[in-house]
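The primary structure of each chain is shown beneath.
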Amino acid sequence: MNSNDLKPAFDNPVSGSRQSFRLALKAMSEPGLSHELRLVDALDTLAPASYALALTLLDSDTKVWLSPALDTPAIRANLAFHCACPVVEQPQDADFALMLASETGVIASLNAGTDRDPDQSCTALIQLDSFEGGVPTVWQGPGIETQRQVCLPVNQAFWQTRQAVSAFPRGIDMFFIAGEQIMALSRSTQVNFQVEN
């Protein structure tokens, strides 16, 4: 490990982790709503909110897979130092997977859990440039009063892959990250394409 690669984590590890964890839970309970997570700076190709979530969710008992764009010496060094999480080479072995929107084809390989143990599924952290600019989708389910329109800049193949791995209670919980913003998509959320009138 090169000590020059090491970057600061939370100013206060305990309060920072608690604040970030509460916000992650809030985001997951309100699918499709964005929340600001401004606790740390970016780490190499990891956006600030991605780094904050990694510091919060990863530890020595959680295996993480890094997509090629996020698998850098600096990111590996900081995750090892601050989180002590093992990095796995195969996405199907991961508890958490970090990737860019352009790399989401790998979602088909992630562990979606089983009917008996849905909690054993992988959680995906997906970095986007923004939360706008995509095809309108309509989200429905727990945490959404009626429906919520979301326009994430991901391609249709992503939504098809997500549908293919979703058979509640099995499925992949997801966090989308854009800079210092996070948005969650739980496995229980139904996503349909907006019908144009």
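Residues numbered from 1 in each chain as written. Predicted model: local features only at pLDDT ≥ 70, side-chain atom pairs only at ≥ 80, totals over all residues. Heavy atoms only, no water.

Some points on the overall build of the chain
Cut-off, in case you're wondering: Think of it this way: any DSSP run of H or I at least four residues long counts as a helix, any run of E at least two long counts as a strand, and we number them from the N terminus. Both definitions apply: the radius of gyration is a C-alpha atom measure, and the globule rule equals 2.2 Å times residues to the power 0.38. Three exposure classes are used, based on accessible area relative to the maximum for each residue type with a 1.4 Å probe and protein chains only: buried under 20%, partly exposed in between, and exposed over 50%. Two residues form a contact once any of their heavy atoms are found within 4.5 Å. Methods summary: accessible areas were calculated by the Shrake-Rupley approach with a probe of 1.4 Å, and residue burial reflects only the protein chains presented. Charge counting treats Lys and Arg as positive and Asp and Glu as negative, with His and both chain ends excluded. The atoms used to mark charge sites are NZ of Lys, CZ of Arg, CG of Asp and CD of Glu.
A count of helices and strands for the chain gives four helices and nine strands. Going residue by residue from the N terminus, the α and β elements of the chain occur as α-β-α-β-α-β-β-β-β-α-β-β-β. Whereas a compact globule of 197 residues would reach a radius of gyration of roughly 16 Å, the chain reaches 16 Å, a difference of no more than 12%. Based on the C-alpha atoms only, the size of the chain along its principal axes is roughly 55 × 30 × 30 Å. Across the 197 residues that make up the chain, the buried fraction comes to 48%. For the chain, contacts bridging at least 24 residues in sequence account for 70% of all contacts bridging at least 6. On the chain, roughly 9700 Å² of surface is accessible, and the fraction owed to carbon and sulfur atoms is 47%. Charge centroids of the chain, computed over 12 positive and 22 negative side chains, lie 5 Å from each other.

Examining the pattern of salt bridges
Applicable threshold: Here, a salt bridge means any Lys or Arg side-chain nitrogen found within 4 Å of an Asp or Glu carboxyl oxygen.
In the structure shown here, the tally under the stated rule is eight salt bridges. Glu30 is paired through a salt bridge with Lys26; the nearest N and O atoms lie 3.4 Å apart. Looking at Lys26, the relative accessible area reads 40%, which means it is partly exposed. Across the salt bridge formed by Arg76 and Asp71, the nearest N and O atoms sit 2.6 Å from each other. Classification of Arg76 by relative accessible area gives partly exposed; the value is 29%. According to the relative accessible area criterion, Asp71 is partly exposed, its value standing at 29%.

As for the sheet that holds strand E9 (residues 190-193)
Short version of the rule: For two strands to be treated as a pair, DSSP must find no fewer than two bridges joining them. Comment: axis = line fitted to C-alpha atoms, over the contacting stretch for helices; angle = value between 0 and 180 degrees taken between N-to-C directions.
Taking strand neighbours across the sheet as the criterion, the three strands line up as E6-E5-E9 in an open arrangement whose pairing is antiparallel. A single partner strand is all that each edge strand has here, and the edge strands are strand E6 (148-150) and E9. Neighbour-to-neighbour, the strand axes of the sheet open up by a mean angle of 30°, direction not taken into account. The sheet strands contacting helix H4 (residues 156-164) are strand E5 (137-140) and E9, and the helix crosses E9 at an angle near 145°.

A word on the sheet that holds strand E7 (residues 173-178)
Judged by pairing direction, the sheet is mixed, and its six strands sit side by side in the order E1-E8-E7-E4-E3-E2 without closing on themselves. Each edge of the sheet is formed by a strand with only one pairing partner; in this case those strands are strand E1 (35-36) and strand E2 (64-66). Bridging between E2 and strand E3 (residues 96-100) involves three bridges; their strand directions are parallel. Counterpart to Trp65 in the pairing with E3 is Ala97. Each of E1, E7 and strand E8 (181-185) touches helix H1 (residues 13-29); the most contacted strand, E8, lies at about 45° to it.

Quick notes on the packing of H1 against helix H2 (residues 48-57)
Heads up, the rule is: Should an angle lie under 35 degrees it is considered roughly parallel, over 145 roughly antiparallel, and from 65 to 115 roughly perpendicular; all remaining angles are considered oblique. The classification used treats Ala, Val, Leu, Ile, Met, Phe, Trp, Tyr, Cys and Pro as nonpolar, Asp, Glu, Lys and Arg as charged, and all other residues, Gly among them, as polar.
The interhelical angle for the contact between H1 and H2, taken along N-to-C directions, is 105°, at an axis separation of 9 Å. For the element pair H1 / H2, the angle class is roughly perpendicular. Where H1 approaches H2, its residues Ser17, Ser20, Phe21 and Ala24 are matched on the opposing element by Ala52, Leu53, Leu55, Thr56 and Leu57. Partitioning the contact of H1 with H2 into residue classes produces six nonpolar, three polar and no charged.

Notes on the environment of Asp129
Structurally, the position occupied by Asp129 is in the loop between strand E4 (123-127) and E5. Judged by relative accessible area, Asp129 falls into the exposed class, the value being 80%. It is 10.0 Å that separates the C-alpha atoms of Asp129 and Phe176, two residues lying 47 residues apart in sequence.

Looking at the state of the cysteines
Two cysteines form a disulfide when their sulfur atoms are joined by a covalent bond. Applied cut-off: Cysteine sulfur atoms that come within 2.5 Å of each other are treated as a disulfide pair.
The full count for this structure, using the stated rule, is zero disulfides. Free of any disulfide, Cys83 has its nearest neighbouring cysteine sulfur in Cys85, separated by 4.9 Å.

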